[in-house]
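# Coordinates in review
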Amino acid sequence: MTDIHGPLARYAERMHTVIGDRHHVASPLCAWLLLALAGPATAGADRAELEDVLGTDVVNAGAAARVLLEAPHPLVAAATAVWHRPGLDVGALDRWRATLPGTTGTGPLPEQAALDDWAREHTLGLIDQFPVSVTSETLLLLASALATRISWQDPFDVTAAGDLGPASPWAARLRRILRSPERGHQCWIAGSRRAGDVAVHTASSGQVATADGQAGLVVVSVAATPDVVPVDVLATAYELATAAVHAPDGEEPRGKRRHKAALAGGRRSLFDLPLGDTALWTLREEPTVTYAPDGREERIRAVLPCWSAESRIELTEDSLGFPVATWAFGELLNTPELAAEVVQKAVARYSRYGFEAAAVTGWAMATSMPPEGVARIAELRFGHPYAVVAVATETRSDGTAGPWHGVPVFSAWVAEPDELPEADLADRYE
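Note that the structure is a prediction, hence the values are computed from the model and not measured. (Residues numbered from 1 in each chain as written. Predicted model: local features only at pLDDT ≥ 70, side-chain atom pairs only at ≥ 80, totals over all residues. Heavy atoms only, no water.)

### Section: the environment of Pro305
Tracing the chain through its elements places Pro305 in the loop between strand S13 (303–304) and strand S14 (307–314). Taking relative accessible area as the criterion, Pro305 reaches 18% and is therefore assigned buried. Taking C-alpha positions, Pro305 is 9.8 Å from Val158, a pair spaced 147 residues apart along the chain. Among all residues touching Pro305, those that are not within four sequence positions of it are Trp170, Leu174, Ile177, Leu178 and Tyr350. (Helix = DSSP H or I, 4+ residues; strand = E, 2+ residues; numbered from the N terminus. Buried < 20%, exposed > 50% of the residue type's maximum accessible area, 1.4 Å probe, protein only. Contact = heavy atoms within 4.5 Å.)

Shown next, in the form of structure tokens:
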């Protein structure tokens, strides 16, 4: 599989820059997957522009998306879908649709209620409304969804909010916060290129078995000093998160070599930092009994608040790739004036016992002015005697018909209709 860590981190920076510094949650991967699926629909200069946004070429992006969607992570629900307006000539789309992963749902454009059901089904019930609305002008709709719900392998302890320190604006607003347990979580101070020294904390789910190993989920929190702009902290968090999960578990012998996660994440020794209070940590020294060869032992815990977020994010900025991809679909459908609505809805909750998050990205393409045509509408009237036949159906798993398929089972001639029973006047679905 193509390594998409770099391209995805680059796209995440673009996306979080557009969102700004307001409280939010997002899934750059959820949006990136849609652009990767759209890639084969582009050509020429449009493709070159989209590849710049994707951070890799269309072929590699599509291959990576296919692997992620067709071999999903056991703790991350993932889904994509493509729908079209009924009556639309989809012949021009067929070649592109043939490039989609086999797991991508396709078909005529559903009603809004069905789209809401799709969002709910593929986000573990965390999102109950599809982020974009379908109108009579909508021709094409693409969607992606990601969701997770995990319990920490080692739950947090609880402590007073005052432990956040006197400089924290949250210390007076909150009563209780989380403290990492003595064992199970990882905490360190890392030096970084873009955010300076940062505080890092990771909490993990339990491991689940896969066909050829096991899998889990690690949530990495990174704090920099308040003067560092959010996009630089987020970029640093992407780097450190990748480094953390690429490192082997367990501690390496003291005095021999540093843990690979420490090297990759620029881990700072506590003995290289000054004692005292900062906006990010308190560092003190005390006598202890230790078996460390050099007699110097490091202990780190972290305190952080519970949090939750719900965001609605517009993704129509040129830097995010959807405008140029929309133009390409307009060319494909011979409708170059397509208008697009691209919205991601995301939610997350981080608590003492676990983490849950979900995102749905909806990408609706519509004609700015639908072509005029003629509609013929009929209402069939069964107002005189008529025939009724009940026919059985039977289809085998290989798609062939079974012996009952097409066999008439009952038939009738309706010449004496009945009055609707009083009991049927009530709406049974209220």
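### Observations concerning the nonpolar core
With 62 residues, the main nonpolar core has Tyr11, Trp32, Leu142, Phe322, Phe329, Tyr350 and Trp363 as its most contacted residues. Among the elements that make up this core, the one with the highest residue count is helix H2 (residues 28–38) (nine residues). If we skip the residues at most four places from it in the chain, Phe322 touches Tyr11, Ala31, Leu34, Leu35, Leu315, Val342 and Trp363. In this structure, Trp83, Trp118, Ala147 and Ala364 belong to the second largest nonpolar core, which totals 19 residues. (Core = buried A, V, L, I, M, F, W, Y, C linked by side-chain atoms within 4.5 Å.)

### Some details on the pairing of strand S1 (residues 77–84)
Counting buried positions over the eight residues of S1 gives six, a clear majority of the element. Sheet analysis places S1 next to strand S3 (residues 138–151), joined by eight bridges and oriented antiparallel. Bridge assignment links Ala79 to a residue of S3, and that residue is Ala145. As judged from the four bridges shared by S1 and strand S2 (residues 105–108), these two strands associate in the parallel manner. Directly across from Val82, in S2, lies its bridge partner Thr106. Assessed by its sense of winding, the connection that carries the chain from S1 through helix H5 (residues 91–97) to S2 is right-handed. (Pairing = 2+ DSSP bridges. Right-handed = clockwise from strand over helix to strand, strands pointing away.)

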